[in-house]
Amino acid sequence: MPRPRTLAAALLLFGACVASPEPGPQALLTLDRQWAAVLAGDSTRLAVTALDPLGDTVPNPAVSWTSDNPSVADVDQAGLVRAHTIGSASITAAIETTTAVARIVVAPAVLVGAGDIAGCTYDRDEATARLLDSIPGVVFTAGDNAYPNGTLAEFTLCYDPTWGRHKNRTRPSPGNHDYRTLNGAHYYSYFGPVAGDSGVGYYSYDLAGWHIISLNSNVSMAAGSAQERWLRADLAAHPTACTIAYWHHPRFSSGQHGNSTAPQPLWQALYDANADIVISGHDHTYERFAPQTPAGVLDTARGIREFVAGMGGAGFYDFPTIRANSEVRNNTANGVIKLTLRAGAYDWEFVPTAGATFRDSGTGKCH
């Protein structure tokens, strides 16, 4: 019997051939992205892949597209999404009863966030969450999202009521506390596919012409590791003028954890690709470094500027050893770092919680 060449025909044939009243295997429908950030007024096209129950690709599938919030972002029947106003919308592709969903976030050209965030005995995580309430943009996390052990209960009871109210626009990275329970299984369960493949945890996305990469410093970062090879391939596939990467354990830090050599291969890959900014957490401080090489040598031409942004809600650490090229340090104010992304340049601002006075701001150019 020849194989049917449309999904509808495959489903009908499969149903006719099965005597049991139990439903047969479902067709598989996937989108090229499950999350995307788009500026208001811009558009993006979603691509769909359909496999029939026999595992064959369905050519030119008859897809129905819908948006659950068309005032924020609508979609035409070719999968073209048009962004209208700040917010989020779920875009659903459907073939009969089989569906796939992508979350579209309409945001300004702003990346905002911190690391070392939420615990049920904390109150400063709510204070930093209130900052996010008034700063539109894509939210990142630099790890240690839920203290102390990254359990699902801690994500649900501690993180979710604070930073979790911005979950739809958040692209996280995991920290060592998130990995204390089953190597991050509950972190991946809470955030879902937007946190990258479970157990892998590195991924990338684009915003306002910038390429943004979330990495995982809890798995191997060695030269030749799966993560390092993936990073180099991702950078080669996205040769944008401006690139940001973030992960938990800092390459350079004057805080009590100090410098770590483990991320150096990732820094090298980013440096080789002329990346511009790295953001980390782990030390519960704010620190800004001048642009550096992977070995920590000042390099104003090609160096990467690092921010340690571990002030999302946890208690503060000291600065026992001031590292080379450290320009600004603070361990008295919780807050978030706000990056405004422009064509070929960026502005940074440390935004403190209510009552704190420390601030840091400036402008940099992409390589």
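Going by the structure above, here's the rest.
Throughout this document, residue positions are counted from 1 along each chain, in the order its sequence is written. Selection of residues for local features in this predicted model requires a pLDDT of at least 70, selection of side-chain atom pairs for listing and counting requires 80 or more, and totals for whole chains, interfaces and linings are taken over all residues. Only hydrogens and water are removed before side-chain values are computed, so all heavy atoms of the structure are retained for them.

### What to know about the pairing of strand 1 (residues 28-31)
- Summary of the burial criterion: residues with accessible area below 20% of their type's maximum are buried, those above 50% are exposed, and those between are partly exposed, where the area comes from a 1.4 Å probe applied to protein chains only. Numbered from the N terminus, helices here are DSSP runs of H or I no shorter than four residues, and strands are runs of E no shorter than two. Here strand 1 shows one buried face, formed by Leu-29 and Leu-31, and one open face, formed by Leu-28 and Thr-30.
- Each pair of strands is called paired provided DSSP finds at least two bridges between the two strands. Here strand 1 runs beside strand 4 (residues 48-51); their pairing, made up of four bridges, is antiparallel. By the bridge assignment, Leu-29 is partnered in strand 4 with Ala-50.

### With respect to the sheet that holds strand 11 (residues 138-141)
- Taking strand neighbours across the sheet as the criterion, the six strands line up as 12-11-10-20-21-22 in an open arrangement whose pairing is mixed. Of all the strands in the sheet, just strand 12 (170-171) and strand 22 (360-365) have a single pairing partner and so form its edges.
- Any two residues whose heavy atoms approach within 4.5 Å at even a single point are treated as in contact. Inter-axis angles, ranging from 0 to 180 degrees, are taken between N-to-C directions of lines fitted to C-alpha atoms, where helices are fitted over the stretch in contact. Each of strand 10 (110-114), strand 11, strand 20 (335-342) and strand 21 (345-352) touches helix 2 (residues 124-133); the most contacted strand, strand 20, lies at about 25° to it.

### Let's talk about the packing of aromatic side chains
- Working definition: rings of Phe, Tyr and Trp (its six-membered ring) pair if their centres are within 6.5 Å, and the pair is stacked with planes under 30 degrees apart, edge-to-face with planes over 60 apart, and tilted otherwise. The full count for this structure, using the stated rule, is 23 aromatic pairs.
- Both rings, one in Phe-350 and one in Phe-358, keep their centres 5.2 Å apart while their planes meet at 50°; by these two values the pair is tilted.
- According to the relative accessible area criterion, Phe-350 is buried, its value standing at 0%.
- Counting every residue linked through ring pairs, the aromatic cluster contains Phe-155, Tyr-159, Tyr-179, Tyr-187, Tyr-188, Tyr-190 and Phe-191.
- Here the basic side chain of Arg-124 rests over the ring of Phe-316, its NZ or CZ set 5.1 Å away from the ring centre.
- The side chain of Lys-167 reaches across the aromatic face of Tyr-190, ending 3.8 Å from its centre. Definition used: whenever NZ (Lys) or CZ (Arg) falls within 6 Å of the ring centre and also within 35 degrees of the ring normal, the charge is taken to sit over that ring.

### Comments concerning helix 2
- Every buried residue of helix 2 is accounted for by Asp-125, Ala-127, Thr-128, Ala-129, Leu-131 and Leu-132.
- Buried residues in helix 2 make contact with strand 10, strand 11, helix 3 (152-159), strand 20 and strand 21.

### Concerning the nonpolar core
- In this structure, Tyr-159, Trp-163, Ile-279, Tyr-286 and Leu-339 are the most contacted members of the largest nonpolar core, which totals 56 residues.
- Every residue in contact with Trp-163, bar those within four places of it in the chain, is listed here: Gly-113, Ala-114, Ile-117, Asp-125, Thr-128, Ala-129, Leu-132, Val-139, Phe-140, Thr-141, Gly-312 and Val-336.
- Definition used in this section: a nonpolar core is a set of buried Ala, Val, Leu, Ile, Met, Phe, Trp, Tyr and Cys residues joined via side-chain atoms within 4.5 Å. Grouped together as the second largest cluster of nonpolar side chains are 22 residues, Ala-36, Val-63, Ala-73 and Ala-93 included.

### A short note on the environment of Asp-125
- Topologically, Asp-125 is positioned in helix 2.
- Its relative accessible area of 2% is what places Asp-125 among the buried residues.
- A C-alpha to C-alpha distance of 8.9 Å links Asp-125 and Cys-158, two positions 33 residues apart in sequence.
- If sequence neighbours within four positions are ignored, Asp-125 has contacts with Ile-117, Ala-118, Gly-119, Cys-158, Thr-162, Trp-163, Gly-312 and Gly-313.
- A distance of 3.3 Å separates a polar atom in the side chain of Asp-125 from the backbone nitrogen of Gly-119. Here a polar contact is recorded for every N or O atom pair within 3.5 Å, except that within protein the pair must consist of a potential hydrogen donor and a potential acceptor, and residues adjacent in sequence are included only if both atoms are side-chain atoms.

### Some points on the packing of helix 5 (residues 226-237) against helix 6 (residues 264-272)
- Across the interface, helix 5 lies against helix 6 with an axial gap of 10 Å and an inter-helix angle of 15°. The orientation of helix 5 relative to helix 6 falls into the category roughly parallel. Where helix 5 crosses over helix 6, the handedness of that crossing is right-handed. Contacts between helix 5 and helix 6 involve Gln-227, Glu-228, Leu-231, Arg-232 and Leu-235 on the former and, on the latter, Pro-265, Leu-266, Gln-268, Ala-269, Leu-270 and Asp-272.
- As a working rule, the residues Ala, Val, Leu, Ile, Met, Phe, Trp, Tyr, Cys and Pro are called nonpolar, Asp, Glu, Lys and Arg charged, and the rest polar, with Gly in that last group. Classifying every residue of the contact of helix 5 with helix 6 by side-chain character gives six nonpolar, two polar and three charged. Angles are sorted into four bins: roughly parallel if under 35 degrees, roughly antiparallel if over 145, roughly perpendicular if 65 to 115, and oblique for all others. Crossing handedness is read from the near helix: turned anticlockwise from the far helix by less than a right angle, it gives a left-handed crossing, and turned clockwise, a right-handed one.

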